[in-house]
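# Architecture and fold: a report
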Amino acid sequence: MKKAVMKKAAAKKAAAKKAVTTRAAATKKAAVGKTSAGAEAPAAEKAAGTKKAAATKKAVATTAPAAAKKTATKAAAAKDTAAKKTAAKKTAAKKTATKTAAKKAPAARKPESRVAMVRRARRINRELAELYPYAHPELDFTNPFELLVATVLSAQTTDLRVNQTTPRLFAVCPTPEDMAAMAPERLEELIRPTGFFRAKTRSLLGLSAALRDRFGGEVPGRLEDLVTLPGVGRKTANVVLGNAFGVPGITVDTHFGRLARRFGWTTQEDADKVEADVAAIFPKSEWTMLSHRVVFHGRRVCHSRKPACGACPIAPLCPAYGEGETDPEKAKKLLKYELGGQPGQRLKPPADYPGQPAPPMAAP
């Protein structure tokens, strides 16, 4: 029985040992399985990461050109927009410049026939007659000799300066005989304010002696005789004839020549040729007053450097409209003498003159 007990105990011990061995084997197997699983996980993760990186790299590779293309498109669009804006600005600037130029430039006119030009010229004369009903020679004088001397002195100076100078001169030598007998130095001193006094002194002494010796101390009333006097040309002769003798004449001074060309009456620069062209347009009875009106307009409105186009009543008839200031308010400020509220040139103007007399020369 003891032997059976021992055998049973050994069997139990063997079973326990087997159970331990079995458990140990299971534990080892589980550990191996776990280890394998742990090893496989990083590998899987690594594989997944590699796959993900490849996918990302592929996505980046795919997206980069698209993004670059998109950026390039945006840049091109921005450049195109900027170019369009620049072009629009240039176009606007060009339109503005064109508009300004069109505003300043004279309006284009169709070719004008001779008949149409003559009609327009005569209408200008009528318009000027309404504008300057008081037009007159702007030199002070009381007789033909004073007018002749004053006209000679008016070269290269203003009528105002002549009018301020002649009172002293005529007080000393009122006749051709008195002037011819005067010492050159004394005459030079009296006419010095008019400029070019030496040349003018020679002319005055010469014409005074000629009047004394050849015309009995009287100013002749014929153009042919007047132009033989020293310092007397057609312009001076026409001034004397028209205003001292009532003989029609066209006075082509600087103002008259300038306006005759602006009005399209002539293209000539030579005074004698201008006179001939204008004389062919107007009746002889109008020549003297036409001269006064045109000269008045040239001195008051149609200036040499900056005509007051915007304040000119005959602007619609003028081919040169736009050469000067066209803005009415700015042009109005350019008007001179009575039109600008300023004194005139004569110390003793005619009774119908609407402006103020000129002041005498200030005492030295």
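Rules used throughout
Residues numbered from 1 in each chain as written. Predicted model: local features only at pLDDT ≥ 70, side-chain atom pairs only at ≥ 80, totals over all residues. Heavy atoms only, no water. Helix = DSSP H or I, 4+ residues; strand = E, 2+ residues; numbered from the N terminus. pLDDT = per-residue confidence, 0-100. Contact = heavy atoms within 4.5 Å. Salt bridge = Lys/Arg side-chain N within 4 Å of Asp/Glu carboxyl O. Buried < 20%, exposed > 50% of the residue type's maximum accessible area, 1.4 Å probe, protein only. 1 Å grid on protein atoms, 1.4 Å probe; cavity = no way out; pocket = protein on both sides within 12 Å on 5 of 7 lines; lining within 4 Å. Points joined across faces, edges and corners; volume = space filled by probe spheres on them. Nonpolar A, V, L, I, M, F, W, Y, C, P; charged D, E, K, R; others polar. Axes fitted to C-alpha atoms, helices over the stretch in contact; angles between N-to-C directions. Parallel < 35°, antiparallel > 145°, perpendicular 65-115°, else oblique. Left-handed = near helix turned anticlockwise from the far one by under 90°.

## Quick word on unusual backbone geometry
Although it is not a glycine, Phe196 adopts a positive phi angle of roughly 50°. By the secondary structure assignment, Phe196 is in the loop between α6 (184-191) and α7 (197-214). Unlike most non-glycine residues, Tyr337 shows phi in positive territory, near 55°. Position of Tyr337 relative to the elements: it lies in the segment after α13 (328-332).

## Section: the confidence of the model for the chain
In the predicted model, the chain carries a mean pLDDT of 83, and 70% of its residues have values of at least 70. In the predicted structure, residues 1-5 sits below a pLDDT of 50 and forms 0 contacts with residues beyond four places in sequence or in another chain.

## What about the pattern of salt bridges?
Proximity of charged atoms lets side chains of opposite charge pair with each other. Enumeration over the complete set of coordinates arrives at 14 salt bridges. Glu112 is the partner of Arg120 in a salt bridge, and the nearest nitrogen-oxygen pair spans 2.8 Å. Here Arg120 falls in the buried class, since its relative accessible area comes to 9%. Across the salt bridge formed by Glu189 and Arg186, the nearest N and O atoms sit 3.7 Å from each other. One end of the pair, Glu189, and the other, Arg186, are both in helix α6, 3 residues apart, so they sit about a helical turn from each other. Glu189 gets classed as partly exposed once you look at its relative accessible area, which sits at 44%.

## A look at the environment of Leu317
With respect to the helices, strands and loops of the structure, Leu317 is situated in the loop between α12 (287-300) and α13. On the basis of relative accessibility, which here comes to 10%, the residue Leu317 falls in the buried class. Expressed as a C-alpha distance, the spacing of Leu317 and Glu127, which sit 190 residues apart in the sequence, is 9.8 Å.

## Structural notes on empty space enclosed by the protein
According to the stated counting rule, one finds 1 cavity of 30 Å³ or more in the structure shown. Empty space within the largest cavity amounts to approximately 110 Å³. Residue lining of the largest cavity: 14 residues in total, with Cys302, Pro307, Cys309, Cys312 and Cys318 positioned closest to the centre. A class-by-class count of the residues in the lining of the largest cavity yields 12 nonpolar, 1 polar and 1 charged.

## Let's talk about the packing of helix α3 (residues 144-153) against helix α4 (residues 159-172)
It is at 10 Å that the axes of α3 and α4 come closest, and there the two elements cross at 130°. One finds that α3 runs oblique with respect to α4. Handedness of the crossing formed by α3 with α4: right-handed. When α3 is examined against α4, the residues Glu146, Val149, Ala150 and Leu153 are found in contact with a partner set consisting of Val162, Thr166, Leu169 and Phe170. Considered class by class, the residues forming the contact of α3 with α4 number 6 nonpolar, 1 polar and 1 charged.

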